[in-house]
Every structure is written in structure tokens, then in C-alpha cells.
Amino acid sequence: MFDIIGDVHGCFNEFKQLTKKLGYQWSGELPVHPERRKIVFIGDITDRGPLSVSMIQIVVTLVEQHLALYVPGNHCNKLYRFLIGRNVQMMHGLETTIHELEQLPDRERSHISEQFISLYQKSPLILYLDQQRLVVCHAGIKEQDLFKPITRKIKTFVLYGDITGKKDAHGLPERRDWAKHYHGRPFIVYGHTPVNKPRWINNTLNLDTGCVFGGSLTALRYPEMESVSVPSSMPKMPEHFRSFPD
């Protein structure tokens, strides 16, 4: 039994509210479900929101204690590359996470950075669960790429979606709506592209309901196939951040 949670983006307080609504009991600093349900994070746990460091710490601990699973998103990938010394642009929310880290004492900052690096390196880009009936990845995956070794092309799709390489009128990456053309048997749960409400289409579900943009934070209870949401405390952002229609 899984509770798959959409893009948190540093919204730790909403994450806590959502887990309580899902029936998790906070014993000390961790959410534990009395029925041994397991949280699945869909990536992009950091950036833009106010408490990215807290999200890193809790995801690392939950995964280490086998209370949660995690797949990285594109923001996770960028933070990882920054922390290992790659040259990345400090924009699109990464600057908020780095600012948080820079406020910490040197030893604590180094420890949390090492924890995240380890988490990222150990985590699969795609989770195949429930005897391969359930697929979880950050931005989606094409039917023909399921169950195959991850190539560079598949990795780009899983992290960024079906991007065209162009920008839209607002300067955001242009993305094709891959889920409209999916007809596979495995049920795919993903996020990455904010939508106003959970988007069910062709045996797929987009769970990114734009919490950090003032929408909500949403989880899927699986196998019950019930979505559960809590409202965001963040200010509302312009609608062009929501790329696909309901």
C-alpha cells in the first residue's frame, strides 16, 4: 500500500498536513502509518518553497528507515550537480535551496549536502511497483521505453518530460502532452507539470497540483486509487505555470 506524493518543492508544512490527513502519525520527527503504508516521493522535493532543507532531511531519513521510496526530479538532478561541483545556473528555484544551505553552520551544511548526494546516487529514476502494474517517475515515460535500460534519451524524458527544445511565450520549456498518447497497461504516476487538479488520462495520473505555486499538495492512495489534497499556503502564481488543461 502506497501513498504517492506530488512535487513538494520545499513546502514542508503542507507535506506534514497531507501525511496527517492520510492517517500518518508523527512519532517524533517522522510520519509513520499504523497500517504500514509507505510514502512514495515523485521528485522535486526542494526549490522555490520555504523549507527545502527540512524536506531533504526527512526524505533521507524516511528512505533510510525503509518508510518511503523516492525518485529524483529535474530539480533534484540540478541540486545534485551543484553539490558535486558542476557548473549550473542558480535560477528556477535552486537559489532558494542554496540560500537555505548557506545559512547553516559549515559542518551541518556539509552533512546535509552529503546526505542528499548519497540519496540521489542510490535512487532509481523509475520505480516499478506492485508486480510492475504501477510505474512512478518524475515527468513520465513513453510506453515503448518501459522496462528498458535507461538511456540518456529516456533519462531526459523521465526528468523533463517530452520537451521540444523550444520555449513558450512565457519563456518556459515547451512540452508535448505525452499522456494523451499513452495506451500502456501499467498505470503511470508522475508530476513535473503543474495542473489545477489531479489529471487522470489514459491510465496515467499527474499529481503535481502546484503546491509551491499556490495550488495544493496531492497524494494518491494506491491501490485504492483515491486522491487526497491539502491547500497550499503559498501565494497564487500566474496560470501560465500550469502547462496542460484539466
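Since this is a predicted model, take the numbers as computed values, not measurements.

In this structure, strand β6 (residues 126-129) lies alongside strand β7 (residues 134-137), joined through 4 bridges in antiparallel fashion. Residue pairing across strands places Tyr128 opposite Val135, the latter belonging to β7. Here β6 folds back onto β7 in antiparallel fashion, the turn holding 4 residues, of which Asp130 has a positive phi close to 50°.

Glancing now at unusual backbone geometry. With omega at 15°, the peptide bond leading from Tyr222 into Pro223 counts as cis. With respect to the secondary-structure elements, Pro223 resides in the loop between β13 (216-222) and β14 (226-231). Not every positive phi belongs to a glycine, and His9 is a case in point at roughly 50°. Unusually for a residue other than glycine, Asn203 sits at a positive phi of about 65°. One can find Asn203 in the loop between β11 (199-201) and β12 (204-206).

Right, let's talk about the packing of aromatic side chains for a bit. The final tally for this structure, using the stated rule, is 10 aromatic pairs. Between Phe187 and Trp200, the ring centres sit 6.1 Å apart and the planes meet at 20°, which makes this aromatic pair stacked. Linking Phe187 in strand β10 (residues 187-190) with Trp200 in strand β11, this pair joins segments that are 13 residues apart in sequence. Counting every residue linked through ring pairs, the aromatic cluster contains Phe12, Phe15, Trp26 and Phe41. Above the face of the Trp26 ring, Lys16 is positioned so that its terminal group lies 4.8 Å from the ring centre.

Relative to the assigned elements, Val60 resides in helix α2 (residues 52-64). Considered as a pair, Val60 and Phe147 are 87 residues apart in the sequence and their alpha carbons are 26 Å apart. Setting aside anything within four residues of it in sequence, one finds Val60 in contact with Gln115 and Leu119.

Rules behind the numbers
Per chain, residues are indexed from 1 in the order of the written sequence. With pLDDT at 70 or above as the cut-off, local features in this predicted model cover only qualifying residues; side-chain atom pairs require 80 or more to be listed or tallied, and sums for whole chains, interfaces and linings still use all residues. With hydrogens and water stripped out, all remaining heavy atoms of the structure feed into the side-chain values. One bridge is not enough; two strands pair if DSSP finds at least two bridges between them. The way it works is that DSSP assigns letters per residue, a run of H or I at least four long becomes a helix, a run of E at least two long becomes a strand, and they are numbered from the N terminus. Each Phe, Tyr or Trp ring (for Trp, its six-membered ring) is paired with any other whose centre lies within 6.5 Å, and the angle between the two planes then decides the class: stacked below 30 degrees, edge-to-face above 60, tilted in between. Consider the ring centre and the ring normal. A charge sits over the ring if Lys NZ or Arg CZ is within 6 Å of that centre and within 35 degrees of that normal. Contacts were defined at the residue level, with two residues in contact if any of their heavy atoms lie within 4.5 Å.

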